[in-house]
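Residue strings, one per chain:
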Amino acid sequence: QVQLVESGGGLVQAGGSLKLSCAASGSIFSVNYMGWYRQAPGNQRELVARIARSGGTNYADSVKGRFTISRDNAKNTVYLQMNTLKPEDTAVYYCNADIYGLSSQRWSEYWGQGTQVTVSS
């Protein structure tokens, strides 16, 4: 069984910072892409940032220059440093990962349970 556990969400004033963490655990052989998505009320889930095992990254235009994604391959953990937060960043943030499971012996996509980020104006 594989699971993703997120932490670090909360309430912050506009202009502030938060750092999200997501750790993958369980029967894991390898982790490829890891990323963060978000979903605001009434909106579709959207990609925020994604990072390959090699370290290559891509970001949504709306967060470029403000958010930084990173990962620790030894810990199967991905981070999202969010600076200069805006009220429009308010959403539930979901961790996502492509994982090769030892038990399943195949690549599968996994999601975390989500963590709320609220930015007040």
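Note that the coordinates shown come from a computational prediction; the quantities given were computed from them, not determined experimentally. (Residues numbered from 1 in each chain as written. Predicted model: local features only at pLDDT ≥ 70, side-chain atom pairs only at ≥ 80, totals over all residues. Heavy atoms only, no water.)

**Quick word on the side chain of asparagine 96**
Selection criterion: Secondary structure elements are defined from DSSP: runs of H or I of at least 4 residues count as helices, runs of E of at least 2 residues count as strands, and each element is numbered from the N terminus. Exposure is judged per residue with a 1.4 Å probe applied to protein chains only, and the accessible area is read against the type maximum: over 50% gives exposed, under 20% gives buried, and values in between give partly exposed. Any pair of nitrogen or oxygen atoms within 3.5 Å is treated as a polar contact; in protein, a donor-acceptor pairing is required on top of that, and neighbouring residues in sequence qualify only through side-chain atoms on both sides. Note on definitions: a residue-residue contact is assigned when non-hydrogen atoms from the two residues lie within 4.5 Å.
The residue asparagine 96 is located in strand β9 (residues 91-101) in this model. Owing to a relative accessible area of 3%, asparagine 96 belongs among the buried residues under this scheme. Within the structure, asparagine 96 has its side chain in polar contact with the backbone oxygen of tyrosine 110 (distance 3.5 Å). Ignoring anything within four residues of it in the chain, the contact list for asparagine 96 reads Leu4, Tyr33, Met34, Gly35, Tyr37, Glu109, Tyr110 and Trp111.

**Some details on the nonpolar core**
The line we're drawing: The set of buried Ala, Val, Leu, Ile, Met, Phe, Trp, Tyr and Cys residues whose side-chain atoms join them within 4.5 Å is what this entry labels a nonpolar core.
Residues Trp36, Leu80, Met82 and Tyr93 are the most contacted members of the largest nonpolar core, which totals 30 residues. Only β1 (2-7), β3 (18-26), β4 (28-39), β5 (46-51), β7 (67-72), β8 (77-82), β9 and β11 (115-120) provide two or more residues apiece to this core. Ranked by residues supplied to this core, first place goes to β9 with five residues. Beyond its immediate sequence surroundings of up to four residues, methionine 82 is in contact with Gly16, Ser17, Leu18, Leu20, Arg66, Phe67, Tyr93 and Val117.

**Topic: the pairing of β7**
Along any regular strand the residues' side chains alternate between the sheet's two faces. Selection rule: Two strands pair under a simple rule: DSSP has to find at least two bridges between them.
The two faces of β7 differ: Phe67, Ile69 and Arg71 on one face are buried, but Thr68, Ser70 and Asp72 on the other face are not. One ladder, built from six bridges, connects β7 with β8; its direction is antiparallel. Among the inter-strand pairings, aspartate 72 is bridged to a residue of β8, identified as threonine 77. The turn joining β7 and β8, which pair antiparallel and follow one another in sequence, is formed by four residues; a positive phi near 50° is taken by asparagine 76.

**Structural notes on the sheet that holds β7**
Applied cut-off: Inter-axis angles, ranging from 0 to 180 degrees, are taken between N-to-C directions of lines fitted to C-alpha atoms, where helices are fitted over the stretch in contact.
In spatial order, the strands read β1-β3-β8-β7; together these four strands make up an open sheet with antiparallel pairing. The open sheet is flanked by β1 and β7, the only strands paired with a single partner. Across this sheet, the average inter-strand angle for adjacent strands is 15°, counted without regard to direction.

**Overview of the pattern of salt bridges**
For clarity, the threshold we go by: Throughout this description, the term salt bridge denotes a Lys or Arg side-chain nitrogen within 4 Å of a carboxyl oxygen of Asp or Glu.
Counted according to the given criterion, the structure contains five salt bridges. Here aspartate 61 makes a salt bridge to lysine 64, at a shortest N to O gap of 3.1 Å. The exposure class assigned to aspartate 61 is exposed, which follows from its relative accessible area of 62%. Here aspartate 89 makes a salt bridge to arginine 66, at a shortest N to O gap of 2.8 Å. Taken together, the residues aspartate 89 in the loop between β8 and β9 and arginine 66 in the loop between β6 (57-59) and β7 connect sequence positions 23 residues apart. Of the two residues examined, aspartate 89 and arginine 66, each falls in the buried class. Counted as one network, the salt bridges with shared partners bring together Arg38, Glu46, Arg66 and Asp89.

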